[in-house]
Amino acid sequence: MLKCKVDILKGLPESLSCSFHAFNPLQPDALEKINRWLKMMNGKEILTIFGFEVNEEPKSIYPYSPVYRVKYGDKDVVVKRTHKRAKNVMSYITMLKDKGINVVTPVKLQVDNPQKYEDTNFVVYPYIEGKKYSGEKKEIYEAGKLLGQIHSFSPSSNAYNLLDYDVYDFNEQEVEASMEAIIQHADNAGVEIDTGLKTKLLESVASQQALYHAGLPHVATPHDFKANNLVLIPEPYLIDPDNAAWIPRIFDLALALLLFHNEHEEAPDQIFTIDEWTLFLSGYKEYIVLTDHEKGFWDKAKQHVFLDEVMWLMAEYEEDWQNSSQQKLFNSLIRVVIDSAAYKLI
């Protein structure tokens, strides 16, 4: 199945939520259900349960989900949805904070934080002031260092009972349906794409069981390590850790490689160059030594993460193909997944 955007999914009511991939392309009402759900969110009521006095319906500062910036005393805070395993995620990120990681953790209030509103968990985090990522070399290196630090503090088992990655069941029909949508969206936008992508995706489907049985090292990780979730103070500060999961370590690295620049206005409109990836890795490797076993499965991991995290993005959101920056990013992603040999783990 296709999956919907992670930042939309997190915290959805049980009837609309899923583990990692969610929506079948043969169910066209899926996004409509999410949009209806978002409209039903009562911002005033959400803020009230945390003790904030609000006279009118607040406006979200984020287009895909309810995220409210409000005053708490003399400081700004952010109220947003979080994972359905909220207590587990909060325990995990509090551990990271205690270890010195720059990551938001729940603000201490006079009421419980996080809290559930109807079937959805919400949390109050501090609002972090800083610069946006712009693709400078130092920023890339420091981002790699931060991810390495985060991975280095992972327990050896899923001690925080985070969502356990289990997406190894894509099938050829899903690839066929997604490719049909991708080609249609590209045609409508006047963009030509390399149809060799389909062959690579089908290869990924065939490799799933090998990855599943590979016994790859897993880590606890925020699993959404992208530029739009970082604020520079000037060191990178993680402001959205709510998708935390227990996942193969190289899958998390592959996600950073492929989607670090996704949907970020000031980031380059392509994935990391080879030199930038090498720079990112140099920061990461200050804290992590990757195994030869991981290096042996790296090519399959890159393809699998594309299958899981990128295919749906290209297939589900036609409007992204109308955005010239996203078009360029998509084409760079396709080029790399077809031939990613230069993006190594050495």
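Residues numbered from 1 in each chain as written. Predicted model: local features only at pLDDT ≥ 70, side-chain atom pairs only at ≥ 80, totals over all residues. Heavy atoms only, no water.

Engineer: Give me the lowdown on a negative patch on the surface, citing residues and values where you can.
Structural biologist: A contiguous patch of negative charge, built from Glu45, Glu57, Glu118 and Asp119, is present on the exposed surface. Mapped onto the fold, Glu45 is located in helix 3 (residues 43-49). A relative accessible area of 40% means that Glu45 is categorised as partly exposed. (Patch = residues over 30% accessible without salt bridge, like charges linked within 9 Å, V, L, I, M, F, W, Y side chains within 5 Å. Areas by Shrake-Rupley, 256 points an atom, 1.4 Å probe, with all protein chains shown as cover. Salt bridge = Lys/Arg side-chain N within 4 Å of Asp/Glu carboxyl O. Lys, Arg positive; Asp, Glu negative; His and termini not counted. Charge placed at Lys NZ, Arg CZ, Asp CG, Glu CD. Helix = DSSP H or I, 4+ residues; strand = E, 2+ residues; numbered from the N terminus. Buried < 20%, exposed > 50% of the residue type's maximum accessible area, 1.4 Å probe, protein only.)

Engineer: Describe in detail the sheet that holds strand 4 (residues 120-126), supporting the description with residues and values.
Structural biologist: A sheet is described by the order of its strands in space; here four strands give the open sequence 1-2-4-3, paired in antiparallel fashion. Strand pairing shows two members of the sheet lacking a second neighbour, strand 1 (67-72) and strand 3 (115-117), which therefore form its edges. For this sheet the average axis-to-axis angle between neighbouring strands, irrespective of direction, equals 35 degrees. As paired elements, strand 3 and strand 4 share three bridges and run antiparallel to each other. From the neighbouring strand, Gln115 faces strand 4, where its bridge partner is Phe122. (Pairing = 2+ DSSP bridges. Axes fitted to C-alpha atoms, helices over the stretch in contact; angles between N-to-C directions.)

Engineer: Can you explain the pairing of strand 4? Please cite residues and give values.
Structural biologist: Strand residues, when the strand is regular, have side chains that alternate between the two faces of the sheet. Across the seven residues that make up strand 4, a large majority, six, are buried. Where strand 2 (residues 75-81) lies against strand 4, five bridges are found, and the strand directions are antiparallel. Directly across from Arg81, in strand 4, lies its bridge partner Phe122. Joining the antiparallel neighbours strand 3 and strand 4 is a turn of two residues, in which Glu118 adopts a positive phi near 55 degrees.

Engineer: Lay out helix 4 (residues 86-98) with the relevant residues and their values.
Structural biologist: Here helix 4 is 13 residues long and its end C-alpha atoms lie 18 Å apart, about the 18 Å a rise of 1.5 Å per residue gives. Ala86, Val89, Met90, Tyr92, Ile93, Met95 and Leu96 are the residues of helix 4 that are buried. Buried residues along helix 4 sit against strand 4, helix 5 (137-152) and strand 6 (218-221). Directly beyond the C-terminal end of helix 4, a positive phi value near 100 degrees is found at Gly100. (Expected span 1.5 Å × (residues − 1). Contact = heavy atoms within 4.5 Å.)

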